[in-house]
Amino acid sequence: MRRVLVTGGAGFIGSHLVEALLDKGYEVRVLDNLSTGRRENLASVQGAFEWVEADVRDREAVLRAMKDVDGVLHEAAMVSVPFSMERPRECHEINLVGTLNILEAARAAGVHRVVMAGTAAAYGNNPELPKRETMVPEPESPYGATKVAAEQYLRAYARMGGLETASLRYFNVYGPRQDPRSMYSGVISRFVESLVAGETPIIFGDGEQSRDFIYVGDVVRANLLALRAPHLEPGAVFNIGTGHSVTLLELLEVLARAAGREVVPRFASARPGDVKHSRADMARARAVLGFEAEVPLSEGLARLWKWRQKVRS
Ligand SMILES: NC(=O)c1ccc[n+]([C@@H]2O[C@H](COP(=O)([O-])OP(=O)(O)OC[C@H]3O[C@@H](n4cnc5c(N)ncnc54)[C@H](O)[C@@H]3O)[C@@H](O)[C@H]2O)c1
């Protein structure tokens with residue numbers, strides 16, 4: 001595999017993928033419409049990759065971007081759950097029709113493998129733990145629904161032949177370049193921004209809710225493994241988490257230590273529909289991809305904090 005197309009390559013996770021691919025000697029093409037991504041995210045590798053400013057909804061542009069590509073890491077999406085509830089049709093067009101455009105173009109161009117960013121939102125509010133890939137998906141939002149539907153397209157295209165596909169169901173990803181301005185980027189960003197502003201972090205609920213937080217560098221490794229695995233079952237789906245969960249209270253404690261602060265949170269009423277616990281079963285990713293998350297939360301948060309100190313508010 002020589003040339004890799006990264007859709008959403010100017011985003012948080014995508015930009016780390018681009019850097020890692022270049023580092024490993026791949027030729028990289030990025031397709032992004034800069035809706036939530038930023039060119040600055042790719043500043044460290046400027047000039048080392050091909051840039052295509054385009055929308056995944058634009059079939060012709062996607063077809064052109066697929067020329068001479070061997071593998072695709074498909075990260076471009078409407079990533080916000082609340083936005084997807086406000087604008088479900090747009091979410092459908094970007095996340096599902098956009099993925100169909102990618103698959104159609106990849107098949108036509110003879111691409112070997114397409115790996116898509118899936119999501120733990122596929123599991124919805126099912127209380128069963130840990131989350132196994134064999135569980136019936138129960139998405140609770142248009143965002144989750146489009147990602148699950150896109151996985152079915154990946155499977156169908158793999159079954160039709162000529163193309164291998166995989167979906168990596170990321171759990172809660174964190175790390176440098178997660179948009180600090182976006183209140184939708186998750187609890188870690190919210191906590192970090194409160195600390196930066198010298199404000200008291202707010203915990204919705206009792207703080208005993210838990211999540212499986214994974215450092216972006218580990219997500220990158222999982223993608224590279226999925227791109228290079230010798231064989232993938234048609235439409236394979238993998239959880240990408242750590243297999244461990246921490247409560248929000250524990251998370252805040254570790255973050256406070258990384259930031260060298262004393263932090264006492266304020267509690268607000270629980271948000272309706274928030275899932276209480278989430279944790280990935282990592283057996284399949286371990287067995288098939290040889291993937292294991294490596295960066296401990298304390299270290300990942302220390303790296304994130306250090307980065308946040310450098311960027312302007
Ligand atoms: N961050 C997480 O915790 C998490 C968890 C589960 C899944 N994911 C998935 O990972 C992927 C990357 O997410 P992220 O956190 O890096 O978000 P991000 O918003 O930083 O990245 C998304 C990128 O896609 C681009 N994009 C959006 N719509 C597009 C369109 N129509 N055409 C072309 N480009 C478009 C954006 O400009 C941005 O650069 C997404 O598919 C998301 O659903 C993320």
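Structure: above.
All figures in this text were calculated on a predicted structure; none of them were measured in a lab. (Residues numbered from 1 in each chain as written. Predicted model: local features only at pLDDT ≥ 70, side-chain atom pairs only at ≥ 80, totals over all residues. Heavy atoms only, no water.)

*Asks:* I'd like to hear about the pattern of salt bridges, residue by residue, with values.
*Replies:* Evaluated as defined, the whole model comprises 20 salt bridges. The network of salt bridges with common partners includes Arg2, Arg3, Glu27, Arg29 and Glu50. (Salt bridge = Lys/Arg side-chain N within 4 Å of Asp/Glu carboxyl O.)

*Asks:* For the side chain of Thr99, give the residues involved together with the corresponding values.
*Replies:* Mapped onto the elements of the fold, Thr99 is located in helix H4 (residues 88–109). Of note is the side chain of Thr99, whose polar atom sits 2.5 Å from the backbone oxygen of Asn95. Not counting residues up to four positions away in its chain, the partners in contact with Thr99 are His74, Ile94, Met116, Ala150 and Leu154. (Helix = DSSP H or I, 4+ residues; strand = E, 2+ residues; numbered from the N terminus. Polar contact = N/O pair within 3.5 Å; in protein donor to acceptor, adjacent residues only side chain to side chain. Contact = heavy atoms within 4.5 Å.)

*Asks:* Report on the packing of helix H6 (residues 187–196) against helix H10 (residues 297–310), specifying residues and quantitative values.
*Replies:* It is the contact of H6 with H10, at a shortest axis distance of 11 Å, that shows an interaxial angle of 50 degrees. On the basis of their axis angle, the class for H6 and H10 is oblique. The two elements H6 and H10 meet at a crossing, and its hand is right-handed. Residue-level inspection shows Ile188, Val192, Glu193, Leu195 and Val196 of H6 in contact with H10, the latter providing Leu301, Leu304, Trp305 and Arg308. Here the contact of H6 with H10 is composed, by residue class, of 7 nonpolar, no polar and 2 charged. (Axes fitted to C-alpha atoms, helices over the stretch in contact; angles between N-to-C directions. Parallel < 35°, antiparallel > 145°, perpendicular 65-115°, else oblique. Left-handed = near helix turned anticlockwise from the far one by under 90°. Nonpolar A, V, L, I, M, F, W, Y, C, P; charged D, E, K, R; others polar.)

*Asks:* Run through the site of the ligand, naming residues and quoting values.
*Replies:* Asp32, Thr36, Glu75, Tyr143 and Lys147 are the nearest of the 27 residues found near the ligand. The backbone of Ile13 places a nitrogen or oxygen atom 2.8 Å from an oxygen atom of the ligand. Here Asn33 contributes a backbone N or O atom positioned 3.2 Å from a nitrogen atom of the ligand. Within the complex, the protein chains bury 92% of what would otherwise be the 820 Å² of accessible surface of the ligand. Broken down by secondary-structure element, the contributors of at least two residues to the shell around the ligand are helix H1 (12–23), strand S5 (113–119) and helix H5 (142–160). For the shell around the ligand, the leading source of residues is S5, giving 3 residues. Classifying every residue of the shell around the ligand gives 15 nonpolar, 8 polar and 4 charged. (Near = heavy atom within 4 Å. Areas by Shrake-Rupley, 256 points an atom, 1.4 Å probe, with all protein chains shown as cover.)

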